Amino acid sequence: MPKSSAKPATPKEQPLRIAIVGTGFAGLGMAIRLQQAGIEDFVILEKAGDVGGTWRDNHYPGCACDVQSHLYSFSFAPNPEWSRMFSPQPEIWSYLRKCADQYGLRPYIRFNSEVQSARWDEKAGLWRVQIAGGRELSAKVLISGMGGLSRPAYPVGVRGLEKFRGKTFHSQDWDHGYDLKGKRVAVIGTGASAIQFVPQIQKEVAQLDLYQRTPPWILPKPDRAVSDFEQRLFRRLPLAQRLFRGAIYAMMETRVLGFTVNPKIMNLVKRIALRHIHRHVKDPELRAKLTPDYTVGCKRVLISNDYYPALAQANVDVISSGIREVRAGSIVGQDGTERPVDAIIFGTGFHATDPMPKGVLFGRGGLDIVDTWKDGPEAYKGTTVAGFPNLFLIVGPNTGLGHNSMVYMIESQVNYVMDALRKMDAGGVRSLEVKPEVQARFNGAIQARLSRAVWTAGGCKSWYLHPSGKNTSLWPGFTFQFRRQTRRFDLAAYVAEPAERKPARAAGPELLVEMT
Ligand SMILES: Cc1cc2nc3c(=O)[nH]c(=O)nc-3n(C[C@H](O)[C@H](O)[C@H](O)COP(=O)(O)OP(=O)(O)OC[C@H]3O[C@@H](n4cnc5c(N)ncnc54)[C@H](O)[C@@H]3O)c2cc1C
């Protein structure tokens, strides 16, 4: 990875060319590409005190990626040192910190700088960004890398939860200072995070009550240590690592066939998953509780080798009948059984279908982006939104994946933004805004495709679905199709306002010209 000695030029009072929000894979990936293109007039605003996003914030026991590390990393920054096929969180976080250092990004980053709001100033053609602590800046282009899974979701409507006097925390805010040893612990939720931390804490706690609404389908995890020989090979022969990455990508990509083309393919996956339950869970009653009744893939397919063995231990109870109420020191199930607990851990995931809080992003006419998304978030190619000029969302609506690496999607979007910036420069463009009819057509097409896919038709209720019933989270096809669609910035889909304005004419919609 190259070292950069460049110093960003960011005089506070001058409008910047670009402001990036967030330092996860999206924000860092975007910044690296800008820097490689010789663009230095940008800042990265990060609310926390270090880089890393998801991999800084999620440090619960057992946290790891569930896409192989050789693929779940930047294509331009291969890491021959991955210790396992699915590396643990500390390694992924350290990889992202290393990327920030080696590409010389830290001088561009303003830590502890939460974006409280960003408003499009139509007259000036600038984003006015308010930062925590009363600071502000302006930028021509705003790029959000604020994350799709970064706002923790808590269970709603659980009676008496506020009366609980014991310890509570969400998996994303794990309290390592709280000793779980010998405690009676309730875990609410059985999603991707819970199946990673439950086997870790089961060994320590006196009693673990696992409150499960719907069981996930779980496959064996093809995890293993990466051997010294492989690490040496990848270090000396980067092509070998690229080929390995390519092979993993191709294997993961074939899974789309079952998700979107023919759900019958999922029958084979179902057989493997059922065998996995049978191998590790001998008790027929527990087996029945852990066996899903919906099509494989409808909810995120999870991978684990230690979850089922942990649930089969004597100190674990799986409660699938729901919670009637929480009391000061106990939880009462729907069946009336009262179970005393010292701590409740929420493994209840994230605000996936409303990733953007209200009151943060205001576009043309002061419109809050959340108010334009009443039927669920939508964007054009997951990146641009009508009414929000010069705004690019990385990991925006319908860019999520149930089958492959998000870093691949992020790099596709970064490519699209880079080409947009090039075209703005070349065409003397002041602002770009996707045409509403283009955005509507695009979303009509992907929603039609999604309505036939297993996520909608598979007989489950998942976090992919917005309360309106629309799947606003996932990309409905092969990721290489998304890559193809984002390879070039399609100016024809946008209204472009020229940079040079004739002073005699007033600013307003009549000035907008269409560039094709
Ligand atoms: C536990 C877990 C495991 C996962 N495993 C995988 C996996 O194996 N494979 C996969 O493909 N995907 C996985 N994902 C999805 C993962 O979120 C994405 O792959 C990817 O990390 C998203 O990167 P991001 O940069 O878009 O967002 P994030 O990593 O969430 O980063 C967002 C950043 O924006 C900052 N920010 C947010 N709001 C503001 C604000 N207002 N002002 C300033 N800064 C702000 C945050 O502090 C954060 O640093 C996982 C997610 C979780 C939660």
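On a predicted model such as this, the values are computed, not experimentally measured, just so you know.

Student: Residue-level account of the site of the ligand, with values.
Tutor: For the ligand, the set of nearby residues contains 32 residues, the closest of which are Glu-46, Thr-54, Asp-66, Tyr-72 and Met-406. Within the backbone of Val-115, one N or O atom sits 2.8 Å away from a nitrogen atom of the ligand. At a separation of 3.4 Å, an oxygen atom of the ligand approaches a polar backbone atom of Gly-145. A total of 990 Å² of accessible area belongs to the ligand in isolation, and the protein chains cover 94% of it. Elements that contribute at least two residues to the shell around the ligand include exactly α1 (25-36) and α2 (54-57). Tallying contributions element by element places α2 first for the shell around the ligand, with three residues.

Student: Describe in detail the layout of surface pockets, supporting the description with residues and values.
Tutor: Size it by volume and the second largest pocket reaches roughly 630 Å³. The wall of the second largest pocket is formed by 27 residues, among which Leu-219, Met-251, Met-252, Arg-255 and Ile-303 lie closest to the centre. Classifying every residue of the lining of the second largest pocket by side-chain character gives 18 nonpolar, six polar and three charged. Both domain 1 (16-51 + 105-151 + 352-498) and domain 2 (161-216 + 257-346) contribute no fewer than three residues apiece to the lining of the second largest pocket.

Student: So what's going on with a nonpolar patch on the surface? Which residues, and what values?
Tutor: On the surface, a cluster of nonpolar side chains totalling about 310 Å² of accessible area is made up of Leu-237, Leu-239 and Leu-243. Along the polypeptide, Leu-237 turns up in the loop between α5 (228-236) and α6 (238-253). According to the relative accessible area criterion, Leu-237 is partly exposed, its value standing at 47%.

Student: Now, about the domain arrangement of the chain: what can you tell me, with residues and values included?
Tutor: Here the domain parsing of the chain yields domain 1 (16-51 + 105-151 + 352-498) and domain 2 (161-216 + 257-346). On the side of domain 2, 11 residues touch domain 1, which itself brings 17 residues to the contact. Carbon and sulfur atoms make up 59% of the area that domain 1 and domain 2 hide from each other, which totals about 1,200 Å². The largest share of the area that domain 1 buries against domain 2 comes from Val-454, Trp-455 and Cys-460, three residues that together contribute 34% of it. Counting across the domain 1 and domain 2 interface gives zero salt bridges. Connecting domain 1 to domain 2 are three residue pairs in polar contact (both at pLDDT 80 or more).

Student: Which residues make up the environment of Leu-149, and what values go with them?
Tutor: If you trace the backbone, Leu-149 turns up in the loop between β6 (135-144) and β7 (167-170). Sequence spacing of Leu-149 and Thr-190 is 41 residues, and the spatial spacing of their C-alpha atoms is 16 Å. The residues touching Leu-149, leaving out its near neighbours within four places in the chain, are Thr-54, Gln-172, Phe-350, Ala-352 and Trp-463.

Student: Describe unusual backbone geometry, naming the residues involved and giving the relevant values.
Tutor: In this model, Asn-390 sits at a positive phi of 55°, which is unusual for a non-glycine residue. Structurally, Asn-390 is set in the loop between α11 (369-372) and β18 (391-393). Even without being a glycine, Asn-398 presents a positive backbone phi close to 55°. Assignment of secondary structure puts Asn-398 in the loop between β18 and α12 (406-426). Relative accessible area serves as the criterion here: at 2%, Asn-398 is assigned to the buried category.

Student: Describe the side chain of Asn-390, and please don't skip the residues or the numbers.
Tutor: The exposure class assigned to Asn-390 is buried, which follows from its relative accessible area of 1%. Within the structure, Asn-390 has its side chain in polar contact with the backbone oxygen of Lys-140 (distance 3.1 Å). Polar side-chain contacts of Asn-390 include one of 2.8 Å to the backbone nitrogen of Leu-432. Excluding anything up to four places from it in sequence, Asn-390 contacts Trp-120, Trp-127, Lys-140, Val-141, Leu-142, Met-424, Arg-430, Ser-431 and Leu-432.

Student: Tell me what's going on with the pattern of salt bridges, and back it up with residues and numbers.
Tutor: Counting across every chain of the model gives 23 salt bridges. The shortest N-O distance in the salt bridge between Asp-50 and Arg-106 comes to 3.3 Å. Taken together, the residues Asp-50 in the loop between β2 (42-45) and α2 and Arg-106 in the loop between α3 (89-102) and β3 (109-110) connect sequence positions 56 residues apart. Residue Asp-50 is classed as buried on the basis of its relative accessible area of 18%. Arg-300 is the salt-bridge partner of Asp-66, the closest N and O atoms lying 3.3 Å from each other. Of the two residues, Asp-66 is situated in the loop between α2 and α3 and Arg-300 in the loop between α9 (284-290) and β11 (302-303); the sequence distance between them amounts to 234 residues. Three or more residues joined by partner-sharing salt bridges are found here, namely Arg-159, Glu-325, Arg-327 and Glu-338.

Student: Give a description of the nonpolar core that names residues and reports values.
Tutor: Judged by nonpolar contacts, the single largest core of 92 residues is most densely connected at Phe-25, Phe-74 and Ile-201. The element that contributes the greatest number of residues to this core is α12, accounting for 11 residues. Built from parts of two domains, this core gets at least three residues from each of domain 1 (16-51 + 105-151 + 352-498) and domain 2 (161-216 + 257-346). Setting aside chain neighbours within four positions, we find Ile-201 in contact with Pro-61, Trp-174, Leu-180, Val-185, Val-187, Leu-208 and Ile-345.

The rules behind these values
Residues numbered from 1 in each chain as written. Predicted model: local features only at pLDDT ≥ 70, side-chain atom pairs only at ≥ 80, totals over all residues. Heavy atoms only, no water. Near = heavy atom within 4 Å. Polar contact = N/O pair within 3.5 Å; in protein donor to acceptor, adjacent residues only side chain to side chain. Areas by Shrake-Rupley, 256 points an atom, 1.4 Å probe, with all protein chains shown as cover. Helix = DSSP H or I, 4+ residues; strand = E, 2+ residues; numbered from the N terminus. 1 Å grid on protein atoms, 1.4 Å probe; cavity = no way out; pocket = protein on both sides within 12 Å on 5 of 7 lines; lining within 4 Å. Points joined across faces, edges and corners; volume = space filled by probe spheres on them. Nonpolar A, V, L, I, M, F, W, Y, C, P; charged D, E, K, R; others polar. Domains from an automatic or database assignment. Patch = residues over 30% accessible without salt bridge, like charges linked within 9 Å, V, L, I, M, F, W, Y side chains within 5 Å. Salt bridge = Lys/Arg side-chain N within 4 Å of Asp/Glu carboxyl O. Buried < 20%, exposed > 50% of the residue type's maximum accessible area, 1.4 Å probe, protein only. Contact = heavy atoms within 4.5 Å. Buried area = accessible area lost by both parts, 1.4 Å probe. Core = buried A, V, L, I, M, F, W, Y, C linked by side-chain atoms within 4.5 Å.

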